[in-house]
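Below, each chain spelled out in residue letters.
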Amino acid sequence: MIGGTAAGHRRIVSSTTPSDHLKGSAVTVGRRWLSRTVAAALLFLAGIAVPAGPASAVDPDPTFSIDLSSTTVPLGVSKKVVHLRLTNPTNETPSALEFRVRPLELDWFEKASVDWADRGASGECDGDSGSWYCRIAKDIRPELLPAPGGTTDIPMNVHIRGTPEPFEGRIAIEVSMAWGENGERITDRREFTLTFVDDSEADLSVVVPDVKQSVRVGADGKLAFTGALHPGGTGAVRYQIVNQGRRAVSGVTVTVRLPEGVAFTRPPQECVVDADGRSAVCTYDALALVPVDQDTDPKDSVYSAVELHNLVTVPADVKAPVTLAGGVVQVEGLTEGVDALSGTKRTALPANAVAVPAADVDASDNQDGFAVVVAATGDGGGNGGGGLPVTGPQAGLIAGAGLALVAAGIVLLLARRRRSIAFVTGDDTTAS
């Protein structure tokens, strides 16, 4: 018969022959229930213990962009520095990149050549002036790898050969990027037309690296880098201006537009900041820049290139790691009619300017974009650089391990509850 309850447990007592059938049925049901539960749990565990393919931050099609800062070279100069600009829209820094440069017309060999100024120092280049390639990796010029959402500027020299005369020539640039140690390589290619023009005017260029580090200003007015840029920190938008033309300018106007959320910390007195705190127009009307060929004495106060900076502050409540894009720097010469050979007015550099030797200038066109890369705050020690959100196979394994522990706990709990239902015979009235 079926008795009452004891100590909160339900007892099933068997004393007649039909009860043997009841016992067998109950045990069978219990075993089926438990085996089905375990089987379902095992299937669930199997589904999560084997992670799916890596959730790559890179699309299967080329996602980075390729651009060339300038495609016009004034005749009368022996060399112009242009920049190969590579923008990385993914959420990971590539582990390596390779770029190949190849002229598309035979006339190139007589008219001009293109090379990477730093190729000798990298040790990872091959080819000649006709066709060459170079490789950049984490252990080879890692500062030239584009950050997540950022842009890298790789300087290349355009040399004019033979008798200077107007000319147009196409070059093909092919870039390959790889993410991760064994990541799939993605390749894209673009063609550009370089034009040589007989123009005797000034040719200002500017290059702006992404803002990645926090800074402080020393007693001498120079910047000191203090580590990764974190929420609430202060960085510096640095821009190098060079005159690669044939005529001097007697002043320069710089327009700086910051990414949303970033504000100017302490603008120089030459700058006027808009009400929103994100745009500034800086007028250096006494900053003369002569052509590179005229900057022959590094000890005088005549310059062909300078580097300026504006201090900026990142919001303290920004969620890092994050890349704040959309910054732009635009430069314009004020008096291009000045003749460099007639004795350009010598100028004193502004407090926030540093003279840049002409031979080492990294130049681009008269406008360049930049991003502010904000790192997550470190949790004690190290460089405090933070890191990117965990993605890919590591994220799958971590999540799978957590779910496996939860599922195992559920199985044990259900099994324990089933054990509280006792099947007894004869005089045994103890719930197991």
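Just so it is clear, the structure is predicted and the values come from calculations on it, not from any experiment.

On to the overall build of the protein chain. Counting its secondary structure elements, the protein chain contains four helices and 25 strands. For the protein chain, buried positions account for 41% of its 432 residues. For the protein chain, restricting intrachain contacts to residue pairs at least 6 apart in sequence, the fraction spanning at least 24 positions comes to 76%. Counting only carbon and sulfur atoms, one obtains 52% of the accessible surface of the protein chain, whose full area is about 22,300 Å².

For the rest of this paragraph, the subject is the state of the cysteines. Within this structure, the stated rule accounts for two disulfides. At a sulfur-sulfur separation of 1.9 Å, the disulfide partner of Cys 125 is Cys 134. Negative torsions about the S-S bond denote left-handed disulfides, and the value of about 120° found for Cys 125 with Cys 134 makes this one right-handed. Here Cys 134 falls in the buried class, since its relative accessible area comes to 0%. Paired by a disulfide, Cys 271 and Cys 282 hold their sulfur atoms 2.0 Å apart. Across the disulfide from Cys 271 to Cys 282, rotation about the S-S bond amounts to roughly 105°, and the bridge is consequently right-handed.

With that settled, consider the pattern of salt bridges. Within this structure, the stated rule accounts for 13 salt bridges. Among the ionic contacts, a cluster of salt bridges with common partners joins Glu 105, Arg 170, Arg 189 and Glu 191.

Ordered by their spatial adjacency, five strands build an open sheet running 19-20-17-22-24, and the pairing between neighbours is antiparallel. Edge positions in the sheet fall to strand 19 (271–273) and strand 24 (367–374), since each of these pairs with one other strand and no more. This sheet shows a mean twist of 20° between the axes of neighbouring strands, independent of strand direction. Pairing geometry for strand 17 (residues 252–257) and strand 22 (residues 322–333), over six bridges, is antiparallel. Of the residues in strand 22, the one forming a bridge with Arg 257 is Val 328.

To continue, consider the pairing of strand 16 (residues 234–243). Buried residues dominate strand 16, accounting for eight of its 10 residues. Sheet analysis places strand 13 (residues 204–207) next to strand 16, joined by four bridges and oriented antiparallel. Bridge pairing links Leu 204 to Asn 243 in strand 16. Sheet analysis places strand 16 next to strand 21 (residues 305–313), joined by nine bridges and oriented antiparallel.

Membership of the largest hydrophobic core comes to 35 residues, with the highest contact counts inside it found for Phe 99, Met 156 and Ile 173. Within the residue set of this core, elements represented by two or more residues are strand 3 (65–68), strand 5 (79–87), strand 6 (96–103), strand 7 (112–116), strand 9 (132–137), strand 10 (151–160), strand 11 (167–178) and strand 12 (185–197). No other element matches the five residues that strand 11 contributes to this core. Ignoring anything within four residues of it in the chain, the contact list for Phe 99 reads Leu 84, Trp 116, Trp 132, Tyr 133, Cys 134, Ile 136, Ile 154, Glu 174 and Val 175. By size, the runner-up hydrophobic cluster in this structure holds 34 residues, among which are Leu 308, Val 318, Val 331 and Val 374.

Our next topic: the sheet that holds strand 9. The mixed open sheet is built from six strands, whose spatial order is 4-12-11-6-9-8. Edge positions in the sheet fall to strand 4 (72–74) and strand 8 (125–127), since each has one partner strand and no second. On average, adjacent strands in this sheet sit at an angle of 20° to one another, irrespective of strand direction. Here strand 6 pairs with strand 11 via eight bridges, running antiparallel. When the bridges of strand 11 are listed, Arg 102 appears paired with Ala 172.

Along the chain, the position of Arg 246 falls in the loop between strand 16 and strand 17. The sequence separation of Arg 246 and Ala 202 amounts to 44 residues, and the corresponding C-alpha distance is 5.4 Å. Contacts of Arg 246, omitting those with residues within four sequence positions, involve Leu 75, Gly 76, Val 77, Asp 198, Asp 199, Ser 200, Glu 201, Ala 202 and Pro 291. Side-chain polar atoms of Arg 246 contact the side chain of Asp 198, separated by 3.4 Å.

On to the packing of aromatic side chains, then. Taken as a whole, this structure holds five aromatic pairs when the rule is applied. Ring centres of Phe 99 and Trp 132 lie 5.9 Å apart, and the angle between their planes is 80°; on these two criteria the pair is classed as edge-to-face. Of the two residues, Phe 99 sits in strand 6 while Trp 132 sits in strand 9, which places them 33 residues apart along the sequence. In this structure, Phe 99 and Trp 132 share a single accessibility class: buried. Of the aromatic side chains, those joined through ring pairs into one cluster are Phe 99, Trp 116 and Trp 132. Here the basic side chain of Arg 100 rests over the ring of Tyr 133, its NZ or CZ set 4.5 Å away from the ring centre.

So, on to the environment of Asp 115. By the element assignment, Asp 115 lies in strand 7. Along the primary structure Asp 115 and Trp 132 are separated by 17 residues, whereas in three dimensions their C-alpha atoms are 8.2 Å apart. Residues in contact with Asp 115, not counting those within four places in the same chain, are Trp 132, Met 156, Asn 157 and His 159.

Model confidence for the protein chain is summarised by a mean pLDDT of 73, while 66% of its residues fall at 70 or above. Strand 16 holds the highest mean pLDDT among the elements of the protein chain, 95, whereas strand 2 (residues 9–14) holds the lowest, 34. For residues 411–432, every residue scores under 50 in pLDDT, and the model assigns this stretch 28 contacts once sequence neighbours within four places are set aside.

Calculation criteria
- Residues numbered from 1 in each chain as written.
- Predicted model: local features only at pLDDT ≥ 70, side-chain atom pairs only at ≥ 80, totals over all residues.
- Heavy atoms only, no water.
- Helix = DSSP H or I, 4+ residues; strand = E, 2+ residues; numbered from the N terminus.
- Buried < 20%, exposed > 50% of the residue type's maximum accessible area, 1.4 Å probe, protein only.
- Contact = heavy atoms within 4.5 Å.
- Areas by Shrake-Rupley, 256 points an atom, 1.4 Å probe, with all protein chains shown as cover.
- Disulfide = S-S within 2.5 Å.
- Salt bridge = Lys/Arg side-chain N within 4 Å of Asp/Glu carboxyl O.
- Pairing = 2+ DSSP bridges.
- Axes fitted to C-alpha atoms, helices over the stretch in contact; angles between N-to-C directions.
- Core = buried A, V, L, I, M, F, W, Y, C linked by side-chain atoms within 4.5 Å.
- Polar contact = N/O pair within 3.5 Å; in protein donor to acceptor, adjacent residues only side chain to side chain.
- Phe/Tyr/Trp six-rings, centres within 6.5 Å; stacked < 30°, edge-to-face > 60°.
- Lys NZ or Arg CZ within 6 Å of the ring centre and 35° of its normal.
- pLDDT = per-residue confidence, 0-100.

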